[in-house]
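The lines below spell out each chain.
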Amino acid sequence: MTQLRQVCEDHVQLTESLDNLSFLKRMNRCWQDHCRQTVRFAFTFVLLIFFSSWIYISLICIHMRYRDTGLELFRTHIVNDSAVQKRTVDGILEQIELERTGETVDRSLLRSLLGMLSDLQVYKDSFEERFLIETNRLYAAEGQLLMQERDVPEYLHHVARRLEEENDRIMSYLDQSTQKPLISCVEKQLLGEHMTAILQKGLSTLLDENRVTELALLYQLFSKVKGGLPTLLQFWRDYIKSFGGKIVCTPEKDKDMVQDLLDFKDKMDNVAQSCFTRNEGFINAMKEAFETFINKRPNKPAELIAKYVDSKLRAGNKEATEEELERILDKIMIIFRFIHGKDVFEAFYKKDLAKRLLVGKSASVDAEKSMLSKLKHECGAAFTSKLEGMFKDMELSKDIMIQFKQYMQNQSEPSNIELTVNILTMGYWPSYTPMEVHLPLEMVKLQEVFKLFYLGKHSGRKLQWQPTLGHAVLKAEFKEGKKELQVSLFQTLVLLMFNEGEEFSVEDIRTATGIEEGELRRTLQSLACGKARVLNKNPRGKDVEDGDRFNFNNDFKHKLFRIKINQIQMKETVEEQVSTTERVFQDRQYQIDAAVVRIMKMRKTLSHNLLVSELYNQLKFPVKPGDLKKRIESLIDRDYMERDKETPNQYHYVA
């Protein structure tokens, strides 16, 4: 046994004058020779023992004894000799560092030497601790440097590559026990220490440019780091609020607001699904962010969404097939859900729907009813009851007109004018300002005939004519030939004047027609300054002034036989917008009053704070505490409720 020990000690004598790589190779040869000699000695003793007729279990024990003896001898010289141990570990670390910088190293050599340390049971204490310290130092410095030098997409790809390289080292030559602490070290130094900096520096750019590959990589990497996904989620939410807030709160871009919102929602949906693996937390954060920023500017988004729907449902919209239109309406409904003031949407939607139905501008009845069904499903039957009433009125009006035509056939004096009337239930339709105009005698007679016919069937009802909603088709003769002009009732009254004379001033037309001044100027502008100039204006110009004179343009030419002459709508739209908004505000006051009375009638006595809390739960539109206080004061003044004499902050219902 003493001779065997001496042979093993001879195998581990090392040369100090070699460079690190040569030293490692010499160490590896020594280890390999030692392993071979150990096996040979063990095998020789096994044969001797075998021929001495020892039992099989003794053979195994003796073999293991000699192997353990060899490892113990080698471990003694490696562990006890600090110079040998240090140089071996230094050499291995140097080779790994060279590989990390891109140089090629002998992986089989590293695998053998690290296997040696593992077999000798000194891998963790002599190598792994120093290896992790060096790795920590390397990637801490690298992370600091590259975060300053590189943009975020490049940095993310670098981190992914580093993680892949370290996993490859584990598979190639490091012990499996090193995997978890090594990967954690890389993730901490390259990601964990720089999460906020990465997101501040690059998330907005990645989202702005729709860099889905890098966004998916960002999510994947952040999911590995403690606190990574919550941090990413917060920045994602803040980005949506910021970007969306700019869309909603920039009046100069109101024209494109809804389309920008739809495009932004599509983009964020795609990121959440394809990059963030449909993570429910991210999807909910997106919904919360949309609801927050879209209500930063009360009323306007609701108004513009209603107008956007109108543009899609209006006749002449050839942008989409029925299937595409249905998809667009579904997307609009998603945006609509985020709006708090849905009553504003209803008011503008009702106004535009009325125009589409009354002027025959609706692109598709099926699309109209589909949108109505979506609103009913989203907001309930009460929300759409008036809108459904408008459709019923139109259907009933068709039946009434069939009966009226039969009635007219039995009249002794048939009219040259074909009259079509829509009977509108006042509670269903938008409020229209009554306007008295001077109709031609034949029109007045025809109105009276219809009035007698209708009231004869529906006694007790009252008819109120709305000239602002009227339109007509006029037959006109020009040098080029006959044309049909599709015009509003106001345009009709102006054009009919030129059957009686050749030229009229603005004042002449105002006196003859009775049209309100602003409406008259817009009407004359549409007839003399637009694309289809059936009137000549003298002097020429885009605006109508008091001294202007007008005559019939006999030289008018157009490639179409039936020509629609659009009214000038710009100023009217502004007026309508203000009027509609004011009506919504007035309706809200009525709803607040009704809610207060309803609550107080049920509770009898209630403190101010509890009453306000109840109101917030019941009202379906945003309201400020100051507005509630005003309505409460108004109800107290009107004796619906009273303050407690001893506790002014408490109210009592007055029966």
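Look above for the structure.
None of the values given here were measured: they were computed from a predicted structure. (Residues numbered from 1 in each chain as written. Predicted model: local features only at pLDDT ≥ 70, side-chain atom pairs only at ≥ 80, totals over all residues. Heavy atoms only, no water.)

Visitor: Just checking my understanding: could you explain the nonpolar core for this structure?
Guide: In globular proteins that are soluble, nonpolar side chains generally tend to be buried together. By size, the foremost hydrophobic cluster in this structure holds 111 residues, and its most contacted members are Phe127, Leu174, Trp236, Ile240, Met268, Phe345 and Tyr349. Shared between two domains, this core takes at least three residues from each, and those domains are domain 1 (1-197) and domain 2 (201-380). When near neighbours in sequence (up to four residues on either side) are disregarded, Phe127 contacts Val89, Ile92, Leu93, Ile96, Leu114, Leu117, Val122 and Leu174. Counting 29 residues, the second largest nonpolar core, distinct from the first, contains Leu474, Leu485, Ala528 and Val534. (Core = buried A, V, L, I, M, F, W, Y, C linked by side-chain atoms within 4.5 Å. Buried < 20%, exposed > 50% of the residue type's maximum accessible area, 1.4 Å probe, protein only. Domains from an automatic or database assignment. Contact = heavy atoms within 4.5 Å.)

Visitor: Sorry, what's going on with the environment of Cys275 here?
Guide: The topology assignment puts Cys275 in helix α12 (residues 257-275). We classify Cys275 as buried; its relative accessible area is 3%. For the pair Cys275 and Tyr219, spaced 56 residues apart in sequence, the C-alpha separation works out to 6.9 Å. Setting aside residues no more than four positions away along its own chain, Cys275 makes contact with Val212, Leu215, Ala216, Tyr219 and Asn270. (Helix = DSSP H or I, 4+ residues; strand = E, 2+ residues; numbered from the N terminus.)

Visitor: Which parts of the structure should I look at to understand the pairing of strand β4 (residues 535-538)?
Guide: A regular strand places its side chains on the two faces of the sheet in alternate fashion. Here β4 shows a buried face lined by Leu535 and Lys537 and an unburied face lined by Asn536 and Asn538. As judged from the 4 bridges shared by β4 and strand β5 (residues 549-552), these two strands associate in the antiparallel manner. Across the sheet, residue Asn538 finds its bridge partner in β5, namely Arg549. (Pairing = 2+ DSSP bridges.)

Visitor: Looking at this structure, how should I read the packing of aromatic side chains?
Guide: Two descriptors summarise a pair of aromatic rings, namely the distance from one centre to the other and the angle between the planes of the rings. On inspection of all chains with the given rule, the structure shows 27 aromatic pairs. Seen in terms of ring centroids, Trp236 and Phe276 are 5.0 Å apart; in terms of plane orientation they differ by 75 degrees. Their pairing is edge-to-face. Of the two residues, Trp236 sits in helix α11 (residues 228-248) while Phe276 sits in the loop between α12 and α13 (280-294), which places them 40 residues apart along the sequence. Here Trp236 matches Phe276 in class, with each residue buried. An angle of 50 degrees between the planes, with centres 5.1 Å apart, marks the rings of Phe478 and Phe556 as tilted. (Phe/Tyr/Trp six-rings, centres within 6.5 Å; stacked < 30°, edge-to-face > 60°.)

Visitor: So what exactly am I meant to see when it comes to the sheet that holds strand β8 (residues 641-643) here?
Guide: Each strand in a sheet pairs with another by means of backbone hydrogen bonds, the pair being arranged parallel or else antiparallel. Taken together, 3 strands build an open sheet; the order of strands is β7-β9-β8 and the sheet is antiparallel. Lying at the two open borders of the sheet, with one neighbouring strand each, are β7 (605-607) and β8. Each strand axis lies, on average, 25 degrees off the axis of its neighbour in the sheet, ignoring direction. Of the strands in this sheet, β7, β8 and β9 (650-653) touch helix α24 (residues 608-618), which is tilted by about 90 degrees from β7. (Axes fitted to C-alpha atoms, helices over the stretch in contact; angles between N-to-C directions.)

Visitor: Please clarify how the side chain of Asn553 should be interpreted in this entry.
Guide: Assignment of secondary structure puts Asn553 in the loop between β5 and β6 (562-564). Judged by its relative accessible area of 12%, Asn553 is buried. At 2.8 Å, the side chain of Asn553 and the backbone oxygen of Arg533 are in polar contact. Those residues in contact with Asn553 that lie beyond four places of it in its chain are Phe478, Arg533, Val534, Leu535 and Asn536. (Polar contact = N/O pair within 3.5 Å; in protein donor to acceptor, adjacent residues only side chain to side chain.)

Visitor: I would appreciate a short explanation of the environment of Arg549 in the present structure.
Guide: By secondary structure assignment, the location of Arg549 is in strand β5. Sequence-distant contacts of Arg549, that is, excluding residues within four places in its chain, are made with Glu503, Phe504, Ser505, Asp508, Asn536, Lys537 and Asn538.

Visitor: Even after reading the chapter, I still don't get unusual backbone geometry, so can you show me in this structure?
Guide: Across the chain, the bulk of peptide bonds are trans and the bulk of non-glycine residues have phi less than zero. Here the bond from Asn538 into Pro539 is cis, since omega is 0 degrees, no more than 30 degrees from zero. By the element assignment, Pro539 lies in the loop between β4 and β5. Phi at Arg278 is positive, roughly 55 degrees, even though this residue is not glycine. The topology assignment puts Arg278 in the loop between α12 and α13.

Visitor: Where do I start with helix α15 (residues 322-337) in this structure?
Guide: Helical periodicity: at 3.6 residues per turn, an α-helix aligns residues three or four positions apart in one direction. Taking 1.5 Å of rise per residue, 16 residues should cover 22 Å, and α15 covers 23 Å from first to last C-alpha, within 8% of that figure. All buried positions along α15 are accounted for by Leu325, Leu329, Ile332, Met333, Ile335 and Phe336. For α15, the buried positions fall inside an angular range of 160 degrees around the axis, keeping them on one side. Packed against the buried residues of α15 are α12, α13, α14 (300-313), α16 (342-358), α17 (365-379) and α18 (381-409). (Expected span 1.5 Å × (residues − 1). Arc of directions from axis to C-beta.)

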